[in-house]
Protein chains: 4
Amino acid sequence: MQKNTTPCYYGDYLQLEKLLTAQAPESAKYAAEAHDETLFIIVHQVYELWFKQILHELKAVMAEFAHAEVKDEQLTGIVHKLKRIITIQKLLNTQIGVIETMTPQDFMSFRDYLVPASGFQSVQFKMLEIGLGLKSGFRIDFDKNSFYSRLNVKDQDFLKHLEDEPSLFERIEKWLERMPFLQLNNFSFWQMYQQATDTMLADDKATVQGIEQIAEHEREMQLKEIERTAEKFAALLDADKYQQLQQDGTFRLSQKAMLSALFITLYQEEPMFNLPFQLLTCLTEIDENLTIWRYKHAMMVQRMLGTKIGTGGSSGHDYLKRTTEKNRIYTDLFNMATFLLPKSDLPALPKEIKRGLGFYFAGQE
Amino acid sequence: MQKNTTPCYYGDYLQLEKLLTAQAPESAKYAAEAHDETLFIIVHQVYELWFKQILHELKAVMAEFAHAEVKDEQLTGIVHKLKRIITIQKLLNTQIGVIETMTPQDFMSFRDYLVPASGFQSVQFKMLEIGLGLKSGFRIDFDKNSFYSRLNVKDQDFLKHLEDEPSLFERIEKWLERMPFLQLNNFSFWQMYQQATDTMLADDKATVQGIEQIAEHEREMQLKEIERTAEKFAALLDADKYQQLQQDGTFRLSQKAMLSALFITLYQEEPMFNLPFQLLTCLTEIDENLTIWRYKHAMMVQRMLGTKIGTGGSSGHDYLKRTTEKNRIYTDLFNMATFLLPKSDLPALPKEIKRGLGFYFAGQE
Amino acid sequence: MQKNTTPCYYGDYLQLEKLLTAQAPESAKYAAEAHDETLFIIVHQVYELWFKQILHELKAVMAEFAHAEVKDEQLTGIVHKLKRIITIQKLLNTQIGVIETMTPQDFMSFRDYLVPASGFQSVQFKMLEIGLGLKSGFRIDFDKNSFYSRLNVKDQDFLKHLEDEPSLFERIEKWLERMPFLQLNNFSFWQMYQQATDTMLADDKATVQGIEQIAEHEREMQLKEIERTAEKFAALLDADKYQQLQQDGTFRLSQKAMLSALFITLYQEEPMFNLPFQLLTCLTEIDENLTIWRYKHAMMVQRMLGTKIGTGGSSGHDYLKRTTEKNRIYTDLFNMATFLLPKSDLPALPKEIKRGLGFYFAGQE
Amino acid sequence: MQKNTTPCYYGDYLQLEKLLTAQAPESAKYAAEAHDETLFIIVHQVYELWFKQILHELKAVMAEFAHAEVKDEQLTGIVHKLKRIITIQKLLNTQIGVIETMTPQDFMSFRDYLVPASGFQSVQFKMLEIGLGLKSGFRIDFDKNSFYSRLNVKDQDFLKHLEDEPSLFERIEKWLERMPFLQLNNFSFWQMYQQATDTMLADDKATVQGIEQIAEHEREMQLKEIERTAEKFAALLDADKYQQLQQDGTFRLSQKAMLSALFITLYQEEPMFNLPFQLLTCLTEIDENLTIWRYKHAMMVQRMLGTKIGTGGSSGHDYLKRTTEKNRIYTDLFNMATFLLPKSDLPALPKEIKRGLGFYFAGQE
């Protein structure tokens, strides 16, 4: 590789001049500088820097998925980048502990100066949500209304434009649909699968009916739940039923993509599925960490404001609590356990497929 | 202190013989030993050991509060013990990551053998909930029904008996009610406070009405919220209104205790309030960590089972999600921010009180 | 899978009767029960439970490596188990924060009763060290003497017996030596490698000579270091030189194994190397976490005892500090970076090998 | 408080324009943009932002200690700020996990372009070290030479100037020396203390001579250690001996400050000592976290470079390892356990002092 020509100095390289002069407390402008406003600013600046990094990784991952075919080598890099996003997310979740060192009273000494600024105005965070697949169609109603409301026109246009581009969710869906091993003719996997799951559901039903300790109303609740699960199983292999459940939001992935994801999960120990399974697991964890972040964030806001309104004129914590449950993206993967079978009940893979899913080392033949 | 007479050996001291032979996988009894069942057992055993430790601290703290008067020296030890509970809770929350290394499929290889055992049968965890103050009266309905349902009679009786004893919540409430500084006659603190808060609410109202970016329906929502907050403020100093809000669950602490807690929080920087304020903060964090534990736990269960039923014949994750929000204990402290004032708006304390809240060192006079 | 026949009860399943009655504070026997001794006992019992779990995983991994050939499917499970060990180790490192909630003064209220018990008497921890590959030959001298000294005869015999069995280190070494792709005749990889590294070292040398800011003595130090590195590079491909460096402890792995590990690391992005590379990374992290544990542990002991002696009659913290640096196992992997090349300088793999390292899906042809 | 006049927008408030355009990978300038250089830049920028925050807290704490007398109210704020520093440090230690997601090979794709930039050029980190009390006099020799060597003249002058100002260490020392309760005439505390400690050392000696399991050479080592400890005890109350041990670096605090710190630690449960003891504990933890950071950092550098030289032309990891042990500041506090006594052996405090250390509430008389 080419050698560098000009010597590099740490401070210049990191542009610290810019970076370390970018903290201007509003309270100072009102001749009432609040010691903790600096913390407030820096915590949010750090968040934004990490968001930029996450977006940097996300962009690279999306580029890989843009290709018609994703090569195995690429998967290594893709999984690596997604794991980095996860590591950063965990750090962001820990970081909430730093802002919690600010007492509500200390926050009050400057919060009024920030009106109507609000975390809802973080363009990068919204880029992240859209990029991962949380487009307006999938947002909870409350959010649909407020997602753009607090942004200036320039930011709104920029984001709305992004909604037209394929998200990671959509790219993953396409990639799953392209998986070859589903058309394995003469391998009647799904029939076997259906039989196995029917037995399993029957057993679960028996279990609930058999248990003595639970109250009747609870037993009924459980049985209803088993019914619902049974419907889902039925839908898995029935295009029409599936589409209905897709419309009512039970499923989000296309049937084809869902079946691929299930197959990979069932046979996750096949070497060829190692990377694809890691990929699916990463998406689940990214979704989970985002949710935990929203949740911890909501708790922190409640602690900071109680039931008072936030600087953006909204009850931040109520809003955040509501988004926690609903604004999920990869719930299909998160709920995959519903459709699993114990290894012992798994149909054995035909030899030629088995071989196909293993490694084949030229030198070995 | 007395010297020890008999030499001590690590393994005997920790009774490792007992401890390390207490893992008996059910799957082994069915000639299908599942590698991961050992993990499942050990994770839960570790939880139980930590629960014992937390109960050990809780018991000691409660004993201190049993006295009519709690001396300052005692507060040091009480806060120390509560902080230890918090440290342990944080570890328990991290520990969920270990059980998450078990894939849903691996769990399936032994879960059926455990029916109908369930985490809901952890007596120590229920002791903890009751001890902290989560007695049947305060549990969410669903929980009211199921709290005891899965336990054997012996365990049920033991726990029901505990519900009659004063919980930490009740002891703290008494302790707050006993605080001397509220009867400070001729210090018209609460009038001043009321004026200050009226102004604050008026400002908040103006803010919401002033903001342009938000949708009308949202503005109304916010204004309603301010109304509700105003009612709470009004109730704070009005015995009858307070009682109503106490009945509908808005407040849980008695009015007297609530005012003490608020006063301590407002003047938290007074040396005499340092320990009491630390105490209140600890209770908030214990509550918060318990909630985060329930939440992460619910996510983990969903990941493990999807929408399938748990070994205890319940949809663990639904249940846990519901308890997360409702089964809170120290919400009054958690929402305290609602009633705070910026330091700048705080009525200055009269000299004699100020002095009373400081230290007085004999040698200094 | 077979259904379970007898109902299972949480408390019985976990043998809580045994578990929760296994805490007997020594201080109580001297009618001076120390509140914190319970914490001390429980913390160590939890450590032992986790050690048991780690040994459970380690044993399973070793069994896999016992086979002459390790199949790709097996690697999935092996890496999964090693990652679990890492997750547990991280928890153990966090757990030190719990014991740190005990003040040195509180520890003094019971430590004298424990003499001469000591953590050095943890048989499971020594099993772990031996199992990972830290056999007497590799221990630091001080440790060589004291490793067995504090144990009773039964424990000593048990452990000494273990030293004769192949450790994970030895099994991994064999596995690496068996890798096929090194005998790839007519692929002159190592010549190309040598040329590339010579250039790299020359550049480094130039760099050090070129930098202005550093003091002369420092520059010399760096140049010496580059020399040493050069020797290592030379040894990599020279059996005799390698053996010398192996004897003086610079390398621990056999030359053949070292070259395999290096090749895997260099071409880590080849799909076939994904699992092997994950495996090597896991070993590095296990080693790193063990070291961090020793280090934090040493700090904690210093904080607890200052320069006083431990209950085992040794200066725990001095000892632990010394082991931190020296008692490492997978240093060859940890230092692998020394021998890497930038991807851009990597010799491209010949087509037939490239293909060999990729996936080959039956259906695709 | 004054209301804000101009509406505030999130992005402007945080100066994101500046912040998010401050990442300019060197590799891009050589038409070989390396994906991971962005991570490298952002990780370091985040470190610098946190350093700024820590310095912000440190500055405020130092200002408080500038006063001749530090009031109790101030201690509340001081401890609060130090605890925030600790929370941030813990985050910084976790953050190392993010940079570890970069493989050594990925680092190689741009490291050469950064020569001779180096983390040793972080002015803020050096400000932190100097501010906490790590002035040239106390640095390890190697560091004495290299501390300034890599900085440009402007930065060197700025830092050298800081060395003349009193550090936190010096301010704390003064504060401890000013403590009133040491001149408590007619309270012969230190005689009692000396007797108690003599007994304790005699017991320790007996213990070591009594233990059977340890090897002779080890026994001698331990006895020597007890001797050394005895000398320290003797020096505690002997001005001349103390000064000697101060010169050879055994103690760093002045005798008077050391005795104050010890007294506070011994009677930490006295309410009046609650805040001072928290303060001393914070300093110990700040020191400990800084050390853990150096240690983990050294491990990471080793993993990244092996034994290769760093971009600054130094073997970063060797250097860092060496500083880990030696560059400590509050070792006197860290070793305080050496001089403690079990509560049971503590001389009871005379009534008038006891009262002096308690609270005195006007209303109670």
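Residues numbered from 1 in each chain as written. Chains lettered and ligands numbered in written order. Predicted model: local features only at pLDDT ≥ 70, side-chain atom pairs only at ≥ 80, totals over all residues. Heavy atoms only, no water.

Asks: So what exactly am I meant to see when it comes to the confidence of the model for chain A here?
Replies: Keep in mind that low pLDDT regions are not for reading the predicted coordinates in detail. On average, residues of chain A score 86 in pLDDT, and 86% of them reach the 70 mark or higher. In the predicted complex, the global pTM is 0.92; the interface-specific ipTM is 0.91. (pLDDT = per-residue confidence, 0-100.)

Asks: I'm lost on the interface of chain A and chain D in this one. Help?
Replies: Often the size quoted for an interface is simply the accessible area lost on bringing the parts together. With 75 residues of chain A at the contact, the number on the chain D side is 75 residues. The contact between chain A and chain D buries some 6800 Å² in all, and 62% of this surface belongs to carbon and sulfur atoms. On the chain A side of the interface with chain D, the three residues burying the most area are Y9, Y10 and Y13 of chain A, jointly 12% of the side's total. Here chain A and chain D share two salt bridges between them. R84 of chain D serves as the salt-bridge partner of D36 of chain A, at 2.8 Å between the closest nitrogen and oxygen. Put simply, chain A and chain D have 36 residue pairs in polar contact (both at pLDDT 80 or more) between them. Mapped onto the side of chain A that touches chain D, the elements with two or more residues apiece are helix 1 (10–13), helix 2 (16–19), helix 4 (37–66), helix 5 (72–99), helix 6 (104–108) and helix 7 (111–114) of chain A. Considering every element that reaches the side of chain A that touches chain D, the biggest residue donor is helix 4 of chain A, with 18 residues. In the side of chain A that touches chain D, the residues fall into 34 nonpolar, 27 polar and 14 charged. (Contact = heavy atoms within 4.5 Å. Buried area = accessible area lost by both parts, 1.4 Å probe. Salt bridge = Lys/Arg side-chain N within 4 Å of Asp/Glu carboxyl O. Polar contact = N/O pair within 3.5 Å; in protein donor to acceptor, adjacent residues only side chain to side chain. Helix = DSSP H or I, 4+ residues; strand = E, 2+ residues; numbered from the N terminus. Nonpolar A, V, L, I, M, F, W, Y, C, P; charged D, E, K, R; others polar.)

Asks: Would you mind showing me how to read the UniProt feature "binding site: substrate" (unreviewed entry) in chain A here?
Replies: Look at the UniProt record and you will see "binding site: substrate" (unreviewed entry) annotated at F40, I41, I42, V43, H44, R111 and T311 of chain A. With respect to the helices and strands, the residue H44 of chain A is situated in helix 4. Using a relative accessible area of 17% as the deciding quantity, one classes H44 of chain A as buried. The contacts of H44 of chain A, once residues within four sequence positions are left out, are Y10 and L14 of chain D. One polar contact links the side chain of H44 of chain A to the main-chain carbonyl oxygen of F40 of chain A, over a distance of 2.7 Å. When you line up the elements, R111 of chain A lands in helix 7. Exposure remark for R111 of chain A: the relative accessible area of 5% places this residue in the buried category. (UniProt positions renumbered as here; feature names shortened; annotations may be inferred. Buried < 20%, exposed > 50% of the residue type's maximum accessible area, 1.4 Å probe, protein only.)

Asks: So what exactly am I meant to see when it comes to the UniProt feature "binding site: heme" (unreviewed entry) in chain A here?
Replies: Residue and element names in this part refer to chain A. With numbering matched to this structure, UniProt assigns "binding site: heme" (unreviewed entry) to H297. Summarising the element assignment, H297 is placed in helix 16 (residues 271–305). On the basis of relative accessibility, which here comes to 18%, the residue H297 falls in the buried class.

Asks: How do you make sense of the side chain of D287 of chain A when you look at a structure like this?
Replies: Summarising the element assignment, D287 of chain A is placed in helix 16. Apart from residues lying up to four places away in sequence, D287 of chain A is in contact with R328, I329, Y330 and T331 of chain A.

Asks: Help me understand the relation of the copies chain A and chain D in this model?
Replies: To go from the first copy of the chain to the second, apply a rotation about an axis and then a shift along the same axis. Structural alignment of chain A on chain D gives an RMSD of 0.0 Å, achieved by rotating through 180 degrees and translating 0.0 Å along the axis. The transformation relating the two chain copies, once decomposed into turn and shift, fits a two-fold axis. When the interface residues of chain A are mapped onto chain D, 100% of them again lie at the interface, so the same face is used by both copies. (Least-squares fit on C-alpha atoms with pLDDT ≥ 70 in both.)

Asks: I keep staring at the pattern of salt bridges and nothing clicks. Help me out?
Replies: For side chains bearing opposite charge, pairing can occur when the charged atoms are close. Tallying each qualifying case throughout the model produces 64 salt bridges over all chains. Between K343 of chain B and E269 of chain B there is a salt bridge whose closest N-O contact spans 3.0 Å. With a gap of 74 residues between them, K343 of chain B in the loop between helix 18 (331–334) and helix 19 (351–357) and E269 of chain B in the loop between helix 15 (255–266) and helix 16 (271–305) connect regions that are remote in the sequence. Note that K205 of chain C is salt-bridged to E227 of chain C, the shortest N-O span being 3.7 Å. One end of the pair, K205 of chain C, is in helix 12 (residues 189–210); the other, E227 of chain C, is in helix 13 (residues 216–236), and 22 residues separate them in sequence. Judged by relative accessible area, which is 35%, K205 of chain C ranks as partly exposed. Overall, E227 of chain C belongs to the partly exposed group, its relative accessible area being 38%.

Asks: I tried to follow unusual backbone geometry on my own but got confused; where do I start?
Replies: Generally, phi is negative for residues other than glycine and the peptide bonds are trans, each holding for most cases. Non-glycine residue A31 of chain B carries a positive phi angle of around 50 degrees. Structurally, the position occupied by A31 of chain B is in the loop between helix 3 (26–29) and helix 4 (37–66).

Asks: Looking at this structure, I do not really get the packing of helix 12 (residues 189–210) of chain A against helix 15 (residues 255–266) of chain A. What am I missing?
Replies: When two helices pack together, their arrangement is captured by the angle between the axes and the distance separating the axes. All names here are of chain A. At a minimum axis separation of 13 Å, helix 12 and helix 15 run at an interaxial angle of 75 degrees. As the angle between them shows, helix 12 and helix 15 are arranged roughly perpendicular. Contact residues: helix 12 offers F189, W190 and Y193, while helix 15 offers L259, L262, F263 and L266. Tallied by class, residues from the contact of helix 12 with helix 15 come to seven nonpolar, no polar and no charged. (Axes fitted to C-alpha atoms, helices over the stretch in contact; angles between N-to-C directions. Parallel < 35°, antiparallel > 145°, perpendicular 65-115°, else oblique.)

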